[in-house]
Amino acid sequence: MMRIEKHPILNFEKKKEISFIFENKQVTGYEGDTIASALHALGIKTLSYSIKDKRSRGFYCAIGNCASCHMIVNGIPNVRTCITPLTEGLIVERQHNKGVIK
Amino acid sequence: MIKKELIIIGGGPAGLSAAKMAVDSNLDVLLIDRSPSLGGQLIKQTHKFFGSKKQNAKMRGIDIAKKLINDVKDYKNLEILSNATVVGLYLDKVLTVFYDGKYVRYQADAVIVATGASEKFLAFENNDLPGIYGAGAIQTLMNVYGVLPGKDVLMIGSGNIGLIVTYQLLQAGVNVKGIVEAAPKIGGYKVHASKVRRLGVPIMTSTTIKRAVGKDCLEAVEIISLDEKWQEIPGTNKIIDVDTLCISVGLSPMHQILSMVNAKMKYIPELGGVVAVVDDINQTSVESIFVCGDALGIEEASSAMMEGYLTGLNVAKYLRKPHPDSENLIHNYHQELDLLRNGPFGQKTLIGLQKLKETSHA
Amino acid sequence: MLNQTGIPSKDQVLSRFPKENDLLKPKAILECYEDIPCNPCATSCPFDAIDIGENINKQPVLDVDKCTGCSVCVTSCPGLAISVAQLVGEKAVFKIPYEFIPLPNPNDIWKGVNRAGEVICDATIEKVVSSKIMDRTALLTVSVPRNYLHEFITVRKP
């Protein structure tokens, strides 16, 4: 379990569950999560693959600076998943390329 | 196009403090932040802050964030836009903002850039493996979203952020196997160092990371000792099994948006990187565009607040709507900033600011 | 040594301890060995026993006679660099800051730890206080054998 339940300084109350789709599978996060934090809590660290060598990529900065967390969300590529709030029913996919605008 | 007297980019300690002085001066203000919540990096600082009463010393960073937000949230002359990213800044002070899936345009009489900083990275083999995160990222994950970064962590860098995040990892129940520091001395405050050392975390100075090991995510890290000339000492390699590597090797000012208006910039290592050349009231070479906080040089949040207040006051004055107590407050905040920079840890900033001043007068 | 390891030298530590006679009453031990911009210890002391002065970058100086060992500074110090020490018979009694869970309970025997993070002795928890004003930094009263007066710094759950 990657979620903090008890903390000496902070209070993490149980929040409302939010279900979303990751790589065609239904998974669950919590209200207040970003897409990246929900995935990390599920043990999913690889968010995309590098364009040329297809190396695994996770997030780096978690505050929207570095572009390392880009994923395809609801069909839109290059979404900064580390600052995008998780909402019900989002369809999240790993990105393998520069991003294709449909 | 929506018109505003003042637009502040960034709702961290500098931006919020600038906003407070601006709204108190009756300016019509728009505060834009790309994150879901205001407060910048304060919202993950669970430790008690240094400084003096004027900087809310001994209050925890998370509570300072709440206070700064409370200080401004009820003003009718302040509009706050969260989850909004400024993607364009133009010479006529027009801003393009990406918000709610759309591009919105604003125009302001003055703009304050308080975009803060970004974490530096380090070059080593396999540095792109998932499991290798910035120290700030780990704080965000842990202290904002309540998610643990992993089980075993190695920290790279012994500046204040590295030391503080180590302590916070321990508080969250994560095992920190050590702190690696390339310099021969610990970079941050020694009280922070002593705090984690007594909890059993070794601090390895004159040591650096050689490579990361792992296939799809981090499995181990190889470290190596350095001699006085910062050269690797053969045979001192050590493999440490960790699933998380936390990189805390400093911050760079987020100056990029100022390049869009061709503001005069200068590389000043003491301030953390490329910063805008400014005059005495933090105005850039582009008229009516100002900058404050870490975007103008890396310091503690306490300094960012003081600089934010000062810049808010100066901009109000510049727009001919001075704060009722303008001169007095400007004097006080100047004094506070001078005090904060008056010790050995402030020397670097003072040297950097001196270099910046020499450029602006050149 | 402090600069390389985070462990203050024996001389540094001893320089912050008052004479043994003074420690018959509880006294603050201010382990701040560096000029950093910070003064909550001085401003929080109800007895004006801690002086930093106008320049907040200076290290705190304790007026041993004025210090009552009240421990307000212990939980006010953002660096967790202050403890209160007292000699009571064969025991050294400390008041230390603690920011971990679980908190110990009175009469628990935990491990006494030195500044290098090594376990050095058993430590008896005498009292645990956590109030609103202390803002989630608990104050533990802990006793250890008297000969660990200059070595003991914190406790660890066994």
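Residues numbered from 1 in each chain as written. Chains lettered and ligands numbered in written order. Predicted model: local features only at pLDDT ≥ 70, side-chain atom pairs only at ≥ 80, totals over all residues.

Remarks on the overall build of chain A
So, step 1. Along chain A, the regular secondary structure elements total one helix and seven strands.
So, step 2. Order of helices (α) and strands (β) in chain A, N terminus to C terminus: β-β-α-β-β-β-β-β.
So, step 3. Long-range contacts, defined here as pairs at least 24 residues apart, represent 40% of the contacts in chain A between residues at least 6 apart. (Helix = DSSP H or I, 4+ residues; strand = E, 2+ residues; numbered from the N terminus. Contact = placed C-beta atoms within 7 Å.)

Points about helix α3 (residues 135-144) of chain B
So, step 1. Counting buried positions along α3(B) yields 10 of 10 residues, so the element is predominantly enclosed.
So, step 2. Residues of α3(B) that are buried: A135(B), G136(B), A137(B), I138(B), Q139(B), T140(B), L141(B), M142(B), N143(B) and V144(B). (Buried ≥ 20, exposed ≤ 12 C-beta atoms within 10 Å, placed from the backbone.)

Examining the sheet that holds strand β6 (residues 76-80) of chain A
Residue and element names in this part refer to chain A.
So, step 1. Strand order across the open sheet formed by five strands is β2-β1-β7-β5-β6, with mixed pairing between neighbours. Strands at the two margins of the open sheet, each flanked by one partner only, are β2 (25-30) and β6. Between one strand axis and the next, the sheet turns through 45° on average, direction left out of account.
So, step 2. In the sheet, strand β1 (residues 17-22) pairs with β2 via six bridges, with the strands oriented antiparallel. Within β2, the position partnered with F22 by the bridge is K25. (Pairing = 2+ DSSP bridges. Axes fitted to C-alpha atoms, helices over the stretch in contact; angles between N-to-C directions.)

What about the sheet that holds strand β1 (residues 27-30) of chain C?
Residues and elements named next belong to chain C.
So, step 1. Strand order across the open sheet formed by seven strands is β1-β4-β5-β8-β7-β6-β9, with antiparallel pairing between neighbours. Pairing within the sheet leaves two strands with one partner each, and these edge strands are β1 and β9 (152-156). The average undirected angle you get between the axes of adjacent strands in this sheet is 40°.
So, step 2. Relative to strand β4 (residues 82-88), β1 runs antiparallel, the two sharing four bridges.

Looking at the interface of chain C and chain B
So, step 1. Contact residues are listed per partner, giving 34 residues for chain C and 33 residues for chain B.
So, step 2. The set of elements that each furnish at least two residues to the side of chain C that touches chain B consists of α1 (2-5), α3 (40-44) and β9 of chain C.
So, step 3. Element by element, the count of residues in the side of chain C that touches chain B is highest for α1(C), at four residues.
So, step 4. Of the residues contributing to the side of chain C that touches chain B, the split by class is 17 nonpolar, 12 polar and five charged. (Nonpolar A, V, L, I, M, F, W, Y, C, P; charged D, E, K, R; others polar.)

Focus: the environment of S25(B)
Residue and element names in this part refer to chain B.
So, step 1. Take S25: it is sitting in the loop between α1 (13-24) and β2 (29-32).
So, step 2. Taking the C-beta count within 10 Å as the criterion, S25 has 23 such neighbours and is therefore assigned buried.
So, step 3. With 32 residues separating them along the chain, S25 and A57 place their C-alpha atoms 26 Å apart.
So, step 4. With sequence-adjacent residues up to four places away left out, S25 is seen in contact with A316, K321, P322 and H323.

Describing the confidence of the model for chain C
So, step 1. Of all residues in chain C, 100% have pLDDT values of 70 or greater, and the mean over the chain is 97.
So, step 2. Our summary of model confidence lists the complex with pTM equal to 0.96 and ipTM equal to 0.97. (pLDDT = per-residue confidence, 0-100.)

Thoughts on the packing of helix α7 (residues 301-318) of chain B against helix α8 (residues 326-340) of chain B
Residue and element names in this part refer to chain B.
So, step 1. Put simply, α7 and α8 touch, their axes get as near as 9 Å, and they point 155° apart. By the angle between their axes, α7 is roughly antiparallel relative to α8. Regarding α7 and α8, the two cross each other, and that crossing is left-handed. Residues S302, S303, M306, E307, Y309, L310, L313, N314 and K317 of α7 form the contact with α8, whose own contacting residues are S326, L329, I330, Y333, H334, E336, L337 and L340.
So, step 2. Split by residue class, the contact of α7 with α8 holds nine nonpolar, five polar and three charged. (Parallel < 35°, antiparallel > 145°, perpendicular 65-115°, else oblique. Left-handed = near helix turned anticlockwise from the far one by under 90°.)

Regarding the packing of α3(B) against helix α4 (residues 160-171) of chain B
Residues and elements named next belong to chain B.
So, step 1. Taken N-terminus to C-terminus, the directions of α3 and α4 make an angle of 30°; their axes are 10 Å apart at the nearest point. Relative to α4, α3 is oriented roughly parallel. Crossing angle aside, the handedness with which α3 passes α4 is left-handed. Two secondary-structure elements touch here, α3 through A135, I138, Q139, M142 and N143 and α4 through I161, G162, V165 and Q168.
So, step 2. Counted by class, the contact of α3 with α4 contains five nonpolar, four polar and no charged residues.

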